[in-house]
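# Structure at a glance
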Amino acid sequence: MKAQALHGHLDALLLAVLEQGPLHGYAVIDALRNRSDGQLDLPTGTVYPALRRLERAGHVASAWSTVNGRERRTYQLTDDGRRALAGERSGWQEFSSTVGRFLDTGPTSTAPA
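So, here's what we can say about the structure.

What counts, and at which threshold
Residues numbered from 1 in each chain as written. Predicted model: local features only at pLDDT ≥ 70, side-chain atom pairs only at ≥ 80, totals over all residues. Heavy atoms only, no water. Phe/Tyr/Trp six-rings, centres within 6.5 Å; stacked < 30°, edge-to-face > 60°. Helix = DSSP H or I, 4+ residues; strand = E, 2+ residues; numbered from the N terminus. Pairing = 2+ DSSP bridges. Core = buried A, V, L, I, M, F, W, Y, C linked by side-chain atoms within 4.5 Å. Buried < 20%, exposed > 50% of the residue type's maximum accessible area, 1.4 Å probe, protein only. Contact = heavy atoms within 4.5 Å. Axes fitted to C-alpha atoms, helices over the stretch in contact; angles between N-to-C directions. Parallel < 35°, antiparallel > 145°, perpendicular 65-115°, else oblique. Nonpolar A, V, L, I, M, F, W, Y, C, P; charged D, E, K, R; others polar.

## Things to note about the packing of aromatic side chains
A ring pair, where both rings are aromatic, is described by two values, the distance of the centres and the angle of the planes. A full pass over the atoms with the stated rule returns 2 aromatic pairs. Judged by centre distance (6.2 Å) and plane angle (85 degrees), the ring pair of Y26 and Y48 falls under edge-to-face. You can see Y26 sitting in helix 2 (residues 25–35) and its partner Y48 sitting in helix 3 (residues 44–56), a full 22 residues away along the chain. Geometrically, the ring pair formed by W92 and F95 is tilted, given 5.8 Å between the ring centres and 40 degrees between the ring planes.

Written out as structure tokens, the structure is:
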């Protein structure tokens, strides 16, 4: 799946991944790939700018650490991020329910003419 197809949903996906706990950037990318059974294989040029945008918005906090002699930035969800994720989930439920009325297969009801 291409990053363009995720337009408008990437931030919510990143917040959901970070809900499980702090992760460094490549671990975020791995979590997206793993949780989507390989469907979301996003490049760093898509994920890192989104993480920085979420950090500027106050939804994510980051800190530098050194692991095995290498520096890496670890991201974690803030309280504002948890609230934003709850709002994203609510909006997604409403959106998917409404669109599902049109795209799901099965009998449809028709309004009287």
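The structure having been displayed, the exposition proceeds.
## What about the pairing of strand 2 (residues 60–67)?
The sheet contact formed by strand 2 and strand 3 (residues 70–77) spans 8 bridges and is antiparallel. Its bridge partner lying in strand 3, A61 is registered against Q76. What sits between the antiparallel neighbours strand 2 and strand 3 is a turn of 2 residues, in which N68 has the positive phi angle 55 degrees.

## Brief notes about the nonpolar core
Counting residues in each nonpolar core, the largest one holds 21 residues, and the members touching the most others are L14, L18, V28, L32, V47 and L51. Looking at this core, the elements that each hand over two or more residues are helix 1 (10–18), helix 2, helix 3 and strand 3. At 6 residues, helix 1 tops the list of elements feeding residues into this core. Aside from chain neighbours lying at most four places away, what touches L18 is L23, V28, L51, V60, Y75 and L77.

## Topic: the packing of helix 1 against helix 2
Viewed as axis vectors pointing N to C, helix 1 and helix 2 meet at an angle of 100 degrees, and their least axial separation amounts to 10 Å. In terms of axis orientation, helix 1 runs roughly perpendicular to helix 2. In this structure, helix 1 contributes L13, L14, A16, V17 and L18 to the contact, and helix 2 contributes V28, A31, L32 and R35. For the contact of helix 1 with helix 2, the class distribution of residues is 8 nonpolar, no polar and 1 charged.

By themselves these figures say nothing about function.
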